[in-house]
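What follows is each chain in one-letter form.
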Amino acid sequence: MSARILHVIGSPRGERSRSVKVAERLIGGLVAASPDVVVVTLDLGAAALPALTGPVIEGRYALIEGREVADEVRDAWERIGAAVAHFLSFGTVVFSVPMWNFGIPWQLKQYIDTITQPGMAFRVSEAGVEGLGAGKRAILVASGALDIRPDSPGAELDHQVRYMQAWLGFIGITDVHVVHLRPTYGPPEAVETAMAEAYASAEALVADLSRAPRV
Ligand SMILES: Cc1cc2nc3c(=O)[nH]c(=O)nc-3n(C[C@H](O)[C@H](O)[C@H](O)COP(=O)(O)O)c2cc1C
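Calculation criteria
- Residues numbered from 1 in each chain as written.
- Predicted model: local features only at pLDDT ≥ 70, side-chain atom pairs only at ≥ 80, totals over all residues.
- Heavy atoms only, no water.
- Pairing = 2+ DSSP bridges.
- Helix = DSSP H or I, 4+ residues; strand = E, 2+ residues; numbered from the N terminus.
- Right-handed = clockwise from strand over helix to strand, strands pointing away.
- Core = buried A, V, L, I, M, F, W, Y, C linked by side-chain atoms within 4.5 Å.
- Buried < 20%, exposed > 50% of the residue type's maximum accessible area, 1.4 Å probe, protein only.
- Contact = heavy atoms within 4.5 Å.
- Axes fitted to C-alpha atoms, helices over the stretch in contact; angles between N-to-C directions.
- Parallel < 35°, antiparallel > 145°, perpendicular 65-115°, else oblique.
- Left-handed = near helix turned anticlockwise from the far one by under 90°.
- Near = heavy atom within 4 Å.
- Polar contact = N/O pair within 3.5 Å; in protein donor to acceptor, adjacent residues only side chain to side chain.

S.K.: Looking at this structure, how should I read the pairing of strand β2 (residues 38-43)?
M.R.: Across six bridges, the pairing between strand β1 (residues 4-9) and β2 is parallel. In the sheet register, H7 faces β2, and the bridge partner there is T41. In this fold, the crossover linking β1 to β2 by way of helix α1 (residues 18-33) has right-handed handedness.

Structure (structure tokens):
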């Protein structure tokens, strides 16, 4: 089977999104290195995810306790199960992820809350939590207005990249790469430098990954 890449778009800014521009360049590089790869885009601004209402959440607790979900939320749980299966069907997931108020956009958080389900994305046993995404690769293209990259003043405000790394680890994905895109606000030359550095970092990552046996 061909390698499969999912591009999860967490910015609702469409063609104006800087993180999407860099992610698309990165994905283009992965495709050039491995032309039979299949790329699917999931634009969360346009995705219709089931609402996690009270009754739907009761279904989650039912699953945790090994029970069936109630009839009234069966459809919602089928859609949730399909969303998890779709996510898990990719070997590589690229996230375009802007920082919003030090965390991630709510559309991306809703997606994460939708797919992080017991028995689907993770399993709990006496041995502890087992992430069912093990063996996959994630690439984060992380944008932000402020220059608070790791080791910079203000880096402790990062609940974007560190949150994504924590969540990915929870579902078993530990092969995580980050392309930082900061600052995207300020004097035009500073923003252009940030874009150029992010493109260069994306290209270096592609070169690095293309030396490995799979994308
Ligand atoms: C609602 C909202 C909240 C934001 N909060 C932050 C923030 O806390 N820190 C930051 O550095 N940038 C923040 N920004 C700026 C974006 O992260 C920045 O413009 C980024 O480049 C957007 O990426 P995109 O073009 O891919 O959407 C925020 C933007 C919006 C719309």
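S.K.: Mind showing me how you'd approach the nonpolar core here?
M.R.: Within the largest apolar cluster, 33 residues are counted, with the highest numbers of intra-cluster contacts made by F87, F95, L108, Y111, M164 and W167. Residue assignment for this core shows that the elements contributing at least two residues are β1, α3 (74-88), β3 (92-98), α4 (106-115), β6 (137-143) and α5 (161-170). Here the element with the most residues in this core is α3; it accounts for six residues. Other than its neighbours up to four places away in sequence, Y111 contacts L6, V8, L42, L44, L49 and F87. Membership of the second largest hydrophobic core comes to 20 residues, among which are I5, A198, L205 and L209.

S.K.: I would appreciate a short explanation of the sheet that holds β3 in the present structure.
M.R.: Backbone hydrogen bonds are what pair the strands of a sheet, in a parallel or an antiparallel way. With parallel pairing, five strands are arranged side by side in an open sheet as β2-β1-β3-β6-β7. On the outer flanks of this sheet lie β2 and β7 (175-181), each paired with one strand and no other. Averaged over neighbouring strand pairs, the angle between their axes works out to 15° when direction is ignored. Lying over the sheet, helix α6 (residues 188-210) contacts β6 and β7, oriented at roughly 155° with respect to β7.

S.K.: Is there a simple way to explain the packing of α1 against α6 in this structure?
M.R.: Any two packed helices are characterised by how steeply their axes cross, that is the angle between the axes, and by the distance between the axes. The interhelical angle for the contact between α1 and α6, taken along N-to-C directions, is 25°, at an axis separation of 9 Å. When the interaxial angle is binned, α1 and α6 end up roughly parallel. Like other packed secondary-structure pairs, α1 and α6 cross with a definite hand, here right-handed. Within the contact between the two elements, α1 uses R18, K21, V22, R25, L26, G29, L30 and A33 and α6 uses V191, E192, M195, A198, Y199, A202, E203, L205, V206, L209 and S210.

S.K.: Please explain the site of the ligand as it appears in this structure.
M.R.: Taken together, 16 residues lie near the ligand, and S11, R13, S17, S19 and T184 sit nearest. Note that an oxygen atom of the ligand is positioned 2.6 Å from one of the side-chain N or O atoms of S11. Between R18 and the ligand, the recorded distance is 2.8 Å, taken from a backbone N or O atom to an oxygen atom.

S.K.: Just checking my understanding: could you explain unusual backbone geometry for this structure?
M.R.: The bulk of non-glycine residues show a negative phi, and the bulk of peptide bonds are trans. With an omega dihedral of -10°, the bond running from R182 to P183 counts as a cis peptide bond. Mapped onto the secondary structure, P183 falls in the loop between β7 and α6. Unlike most non-glycine residues, F102 shows phi in positive territory, near 75°. If you trace the backbone, F102 turns up in the loop between β3 and α4. Backbone geometry places D151, a non-glycine residue, at a positive phi of 75°.

S.K.: For this particular structure, what's the right way to read the environment of G10?
M.R.: Looking at the secondary structure, you find G10 in the loop between β1 and α1. Under the relative-accessibility criterion, G10 is labelled buried at 2%. Placed 183 residues apart in sequence, G10 and T193 show a C-alpha to C-alpha distance of 23 Å. Once you skip the residues sitting within four places of it in the chain, G10 turns out to touch S96, P98, P105 and L108.

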